[in-house]
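# Structure assessment
Listed below, chain by chain, are the residues.
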Amino acid sequence: MNVWIAIGVTVLGCYAVKLAGLLVPAGALERPAVKRLAALLPVALLAALTAQQTFADGQTLVLDARAAGLAAAAVTLMLRAPFLLVVGAAVVVTAGVRAMGAG
């Protein structure tokens, strides 16, 4: 029963956030600071999610094969490689490090 309560609270919370977004006056959304924040916030959230998924395991900080894969992806991005090659390099490096037993 507790699961259904949590689902109901989540549904109500999501609806309240959606409604709050719709009630914001259009003039408030046209300010330069709000536009700048709206452009940068998704990038910051994605970077934080990537860092958390790469360097955390529960409550501990880890440095394993995922970090090597992220480094390989960063290098291929700096070389302006196509996205598919970036993902491929990250996969190959991560798998290679794990196969060597280091991750």
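Residues numbered from 1 in each chain as written. Predicted model: local features only at pLDDT ≥ 70, side-chain atom pairs only at ≥ 80, totals over all residues. Heavy atoms only, no water.

### Details of the UniProt feature "transmembrane region" (unreviewed entry) in the protein chain
If you check UniProt for "transmembrane region" (unreviewed entry), the listed places come out as residues 6-25, 37-55 and 67-97 in our numbering. For the annotated span residues 6-25, helix accounts for 90% and strand for 0% of the residues, and the straight-line distance between the end C-alpha atoms is 31 Å. (UniProt positions renumbered as here; feature names shortened; annotations may be inferred. Helix = DSSP H or I, 4+ residues; strand = E, 2+ residues; numbered from the N terminus.)

### Here's the deal with the environment of arginine 66
Mapped onto the elements, arginine 66 comes out in helix H4 (residues 65-78). You can call arginine 66 partly exposed: its relative accessible area is 25%. Separated by 18 residues in sequence, arginine 66 and alanine 48 have C-alpha atoms that sit 15 Å apart. Those residues in contact with arginine 66 that sit more than four places away from it in its chain are Gln53, Thr54, Ala56, Asp57, Thr94 and Arg98. A distance of 3.0 Å separates a polar side-chain atom of arginine 66 from the backbone oxygen of glutamine 53. (Buried < 20%, exposed > 50% of the residue type's maximum accessible area, 1.4 Å probe, protein only. Contact = heavy atoms within 4.5 Å. Polar contact = N/O pair within 3.5 Å; in protein donor to acceptor, adjacent residues only side chain to side chain.)

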